[in-house]
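Report on the structure
If you want the building blocks of each chain, they are given just below.
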Amino acid sequence: IVIKDAHDSARNLKIYDLPECVTLIREWEGGPCCMMRGLDESFDACMFVGYHSPSRSDGNPLSHTMNTVRCHHCKINGKIISEFEINSMYASLLNVPVAFLSGDENLTNIVKDVNSNITTVASKKGFHKAVISKHPKVTEREIEEGAYKGLKSCTKENIVNLPKHFDVEIEYVNHMLAYKNSFYPGCKLISSDTISYSSDNYYDVLVMLEFLL
């Protein structure tokens, strides 16, 4: 079992609290794999714990996509994308199925729309800047039971669909950042604060996002 600490500083987890059978990856490497660093084709499945709704959503007070201050949103093929979708498509690139996700209720609904085979647990319900949560011990039990169920039922049907083409749009808070980033190879400035990028290669999309999102 490999765990990627992948929130904020990526130094959140205490390795002494984890089972001895796990390997923990801490901090940010800086490559395009980003939150999925360590995953490769040899894995049977991946799971996402503690995820949140995408930017411009009231499903979680923490709603954002990768960056909390620079970007209003990132769209892929016309849809505002979540970190779950960015990362699950990377798993698809490696032919690795998604067994389980826990996160806010709004995100679990998004996950079911993406692939109904993925087991989900709603750990909270967000509305605007507020949140409704169960007792942490109840949520912990639900996550443990959901992860077990998800792994037992996981098949290749859990692999998230990977589009054949990617039209990416990033809208920035600062129009000068959009202008600057429009010079990245393949990018275009399509309005004062928005750039676009297109590719048939998802890995190239991930490289672009690592630099510009």
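The structure we're discussing is the one just above.
Residues numbered from 1 in each chain as written. Predicted model: local features only at pLDDT ≥ 70, side-chain atom pairs only at ≥ 80, totals over all residues. Heavy atoms only, no water.

The next point concerns the sheet that holds strand 5 (residues 79-80). Across the sheet, which stays open at both edges, the 5 strands sit in the order 5-4-9-11-10 with antiparallel pairing between neighbours. Each edge of the open sheet is held by one strand with a lone partner, namely strand 5 and strand 10 (188-191). Bridge count between strand 9 (residues 166-172) and strand 11 (residues 194-199): 6 bridges; the pairing is antiparallel. Bridge assignment links valine 168 to a residue of strand 11, and that residue is tyrosine 197. The strands touched by helix 5 (residues 202-212) within the sheet are strand 4 (71-76), strand 9 and strand 11, with strand 9 carrying the most contacts at an inclination of about 10°. (Pairing = 2+ DSSP bridges. Helix = DSSP H or I, 4+ residues; strand = E, 2+ residues; numbered from the N terminus. Contact = heavy atoms within 4.5 Å. Axes fitted to C-alpha atoms, helices over the stretch in contact; angles between N-to-C directions.)

Below, the discussion takes up unusual backbone geometry. Here aspartate 8, not a glycine, exhibits a phi torsion of approximately 55°, which is positive. Phi is positive for histidine 128, close to 60°, though the residue is something other than glycine. Tracing the backbone shows histidine 128 in the loop between strand 7 (119-127) and strand 8 (130-133).

Mapped onto the fold, leucine 177 is located in helix 4 (residues 175-181). Note: C-alpha distance between leucine 177 and cysteine 71 (106 residues apart in sequence) is 9.6 Å. Setting aside anything within four residues of it in sequence, one finds leucine 177 in contact with Arg70 and Tyr172.

Moving on: the side chain of threonine 119. Within the secondary structure, threonine 119 sits in strand 7. Note on threonine 119: relative accessible area 9%, which makes it buried. Setting aside residues no more than four positions away along its own chain, threonine 119 makes contact with Ala99, Phe100, Leu101, Lys112, Gly146, Lys149, Gly150 and Ser153. (Buried < 20%, exposed > 50% of the residue type's maximum accessible area, 1.4 Å probe, protein only.)

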